[in-house]
Amino acid sequence: MIEATLCFILDGLPPRRILLGRKKRGFGCGKYNGLGGKVRAGETPIRTIVREVAEEAGVTVSLDTLRSAGSVTFVFPFEPSFDQHVHLFVTNDWDGEIRESAEMEPIWFPIDGIPFDRMWGDDRHWLPFVLAGKRIRAEFSFAEDNETVASWSLEEI
């Protein structure tokens, strides 16, 4: 199973906007998502987020201001190589100018205008909990098309 990360950069307290990236290549191409990626050997999930946010959006996030929002496990029974355990992080603090990269096109969305119809099908189930400041543990299993959520569970932790 792939170990990966996602970070949601929020603007305002309470948050008025969320930074999502439109994936330009690879797994999930064309979908909006948080910033993040695979954990490298010898790397912690929180260090992965710092590296990935810098690579994908050109900004720096601080270890001190990243908050764990829990984790989500994604199971693809018809393509097990896609299986992922994803550590979730949130921050309201970043340094630098947000910019597009070869992998992501970062775009701000109003909290009440999140484009769930252009995201993974699971996001509408768990992201509202994270945006409400909750920590979660969730698991989503996908159907044969590797897009449709077949079953899911979620708990606050």
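Just so you know, these numbers come straight off a predicted model, no measurement behind them.

1. Quick notes on the environment of P45
Here is step 1: On the secondary structure map, P45 appears in helix α1 (residues 45-57).
Here is step 2: Exposure remark for P45: the relative accessible area of 18% places this residue in the buried category.
Here is step 3: If we ignore the near neighbours within four places in the chain, the residues touching P45 are E3, T5, V39, H87 and F89.

2. Quick word on the packing of aromatic side chains
Here is step 1: Within the structure shown, the criterion is met by 13 aromatic pairs.
Here is step 2: Measuring from centroid to centroid gives 5.4 Å for W94 and W108, while their planes differ by 45 degrees, and the two rings are tilted. Here the residue W94 occupies a position in the loop between β5 (84-91) and β6 (104-110), and W108 occupies one in strand β6, the gap between them amounting to 14 residues.
Here is step 3: The exposure class assigned to W94 is partly exposed, which follows from its relative accessible area of 22%.
Here is step 4: The ring of W108 has R17 lying over it, and the distance from NZ or CZ to the ring centre is 4.3 Å.
Here is step 5: Here K31 stacks its cationic end above the ring of W120, 4.8 Å away from the centre of that ring.

Rules and cut-offs
- Residues numbered from 1 in each chain as written.
- Predicted model: local features only at pLDDT ≥ 70, side-chain atom pairs only at ≥ 80, totals over all residues.
- Heavy atoms only, no water.
- Helix = DSSP H or I, 4+ residues; strand = E, 2+ residues; numbered from the N terminus.
- Buried < 20%, exposed > 50% of the residue type's maximum accessible area, 1.4 Å probe, protein only.
- Contact = heavy atoms within 4.5 Å.
- Phe/Tyr/Trp six-rings, centres within 6.5 Å; stacked < 30°, edge-to-face > 60°.
- Lys NZ or Arg CZ within 6 Å of the ring centre and 35° of its normal.

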